[in-house]
Each structure stands twice: as C-alpha cells, then as structure tokens.
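# Survey of secondary and tertiary structure
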Amino acid sequence: MNLTLRTVRQDELSEFKKEMQKAFQLGAEAEYGETDMQILPEADIDRSLDTDGAIAYAAVIGNEIVGGAIIVINEQTQHNHLDFLFVKVGVQSKGIGQAIWSEIERLHPDTKVWETCTPYFEKRNIHFYINRCGFHAVEFYNPKHPDPHESGKPDMDSDDDGCMFRFEKVME
C-alpha cells in the first residue's frame with residue numbers, strides 16, 4: 001500500500017470533517033443501531049484542531065483521501081496525543097488504519113509517549129489500538145472515575161455514561 005500522510009489543506013477541511021463524522025457514526029451505529037444523534041459533533045473536531053500543537057493529517061492513496069488523523073504534539077514533553085484517527089467509510093478493513101498509525105509514528109520519532117482514548121463499546125478500536133498498534137489500556141473512565149480533562153458531569157441518561165478507555169504507548 002502506497003499511503004502517505006500530508007497536512008489537511010484549508011480547502012479540504014470541511015470534507016475531512018464530514019468523512020471523519022461518517023466513520024465515527026458508522027462505528028456507533030454498528031453497535032447501537034441507527035440514530036439521529038450525531039456521534040461526533042463538529043465542535044469536538046474544532047476543539048481538537050484549535051488545540052496548541054494540533055496537526056490534522058489526510059491519509060492519501062493515489063489522489064484519494066482514504067482517512068486521516070488529528071494529533072497534538074507537545075514539543076517540550078513529547079507526551080503526545082492522538083485525538084482522532086479514522087478510515088473513510090467503504091475502505092475499512094484493508095490495513096489503512098494501521099498504515100496511518102505507522103506513518104504518524106514515523107513522522108514523530110521524538111515522541112516518548114502516545115496517548116489516546118476510545119469509547120468502551122468500540123471493540124474494533126480496542127482491538128486496533130492494543131493488538132495492531134501496541135498501545136496498553138491504562139485507565140477506564142466512568143461515572144465513578146471521570147476523565148479529569150472533560151468538563152461537566154457524565155450524561156447519566158446516555159447509553160454509555162461517558163465510559164472510555166485511555167491507552168498509552170511508551171516509545172523506546
């Protein structure tokens with residue numbers, strides 16, 4: 001596979017966000033069924049993009065964007081964060097996600113620790129991060145142990161109650 005990562009151009013940003021939202025929507029609906037609720041609001045993507053050190057990458061094969069990622073690099077600590085990684089709907093299960101992650105690691109060799117989170121119901125993501133990318137589950141956020149970086153209280157009426165796994169990958 002001849003996948004390359006490049007930063008997302010301003011004229012691609014709207015479509016990039018839509019494709020990311022579609023991918024996240026598909027994952028949630030595969031678990032819970034169709035919903036009118038938007039799983040990944042654009043405001044969440046924008047918050048990530050507006051973070052100091054954020055980089056949005058488009059994953060490209062040929063001339064087609066097949067996925068992407070948003071990462072946050074802390075140049076001082078090199079404790080970096082993967083905010084979002086997605087593979088475009090219709091091209092999943094072909095190794096694209098793993099290729100995206102490999103390229104991110106290659107492009108950021110000074111990283112000491114990578115961190116990311118995923119909802120507890122996302123079995124495919126848990127498999128991907130642990131078995132394909134070498135992350136370790138290090139924390140489980142839930143109503144009795146909330147994510148200290150999230151403001152507000154968990155929505156106790158939601159199906160997932162804000163439950164998330166936090167993963168780390170210590171680089172050697």
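Residues numbered from 1 in each chain as written. Predicted model: local features only at pLDDT ≥ 70, side-chain atom pairs only at ≥ 80, totals over all residues. Heavy atoms only, no water.

We now examine the sheet that holds strand β2 (residues 54-61). An order of β1-β2-β3-β4-β5-β7-β6 is seen for the 7 strands of this open sheet, with the pairing classed as mixed. In this open sheet, the two strands that pair with only one neighbour each are β1 (3-7) and β6 (136-141). Along the sheet, successive strands turn relative to each other by an average axial angle of 30°, direction set aside. With 6 bridges connecting them, strand β3 (residues 64-72) and strand β4 (residues 79-87) associate as antiparallel partners. Each residue of the ladder has a partner; that of alanine 69, found in β4, is leucine 85. Across the sheet, helix α1 (residues 13-32) lies against β2, β3 and β4, angled at about 80° from β4, the strand it touches most. On top of the sheet, helix α4 (residues 123-132) reaches β4, β5 (113-119), β6 and β7 (164-170); it is set at about 165° to β5, its chief contact. (Pairing = 2+ DSSP bridges. Helix = DSSP H or I, 4+ residues; strand = E, 2+ residues; numbered from the N terminus. Axes fitted to C-alpha atoms, helices over the stretch in contact; angles between N-to-C directions. Contact = heavy atoms within 4.5 Å.)

On to the environment of lysine 144, then. If you trace the backbone, lysine 144 turns up in the loop between β6 and β7. The exposure class assigned to lysine 144 is exposed, which follows from its relative accessible area of 80%. Along the chain, lysine 144 and cysteine 163 lie 19 residues apart, while their C-alpha atoms are 9.9 Å from each other. (Buried < 20%, exposed > 50% of the residue type's maximum accessible area, 1.4 Å probe, protein only.)

A few words now on a nonpolar patch on the surface. Together, Tyr32, Tyr120 and Phe140 line one region of the surface with nonpolar side chains, adding up to about 270 Å² of accessible area. Position of phenylalanine 140 relative to the elements: it lies in strand β6. We classify phenylalanine 140 as partly exposed; its relative accessible area is 34%. (Patch = residues over 30% accessible without salt bridge, like charges linked within 9 Å, V, L, I, M, F, W, Y side chains within 5 Å. Areas by Shrake-Rupley, 256 points an atom, 1.4 Å probe, with all protein chains shown as cover. Salt bridge = Lys/Arg side-chain N within 4 Å of Asp/Glu carboxyl O.)

Moving on to the packing of aromatic side chains. Counted by the stated rule, this structure contains 11 aromatic pairs. Where phenylalanine 128 meets tyrosine 129, the ring centres are 5.1 Å apart and the plane angle is 70°; that geometry is what we call edge-to-face. Each member of the pair, phenylalanine 128 as well as tyrosine 129, carries the same accessibility label: buried. Taken together, a centroid distance of 5.1 Å and an interplanar angle of 45° make the contact between phenylalanine 140 and phenylalanine 165 tilted. With phenylalanine 140 in strand β6 and phenylalanine 165 in strand β7, the pair connects residues that are 25 residues apart, well separated along the chain. Here the aromatic residues Trp101, Trp114, Phe128, Tyr129, Phe135, Phe140, Phe165 and Phe167 are joined through ring pairs into a cluster of three or more. (Phe/Tyr/Trp six-rings, centres within 6.5 Å; stacked < 30°, edge-to-face > 60°.)

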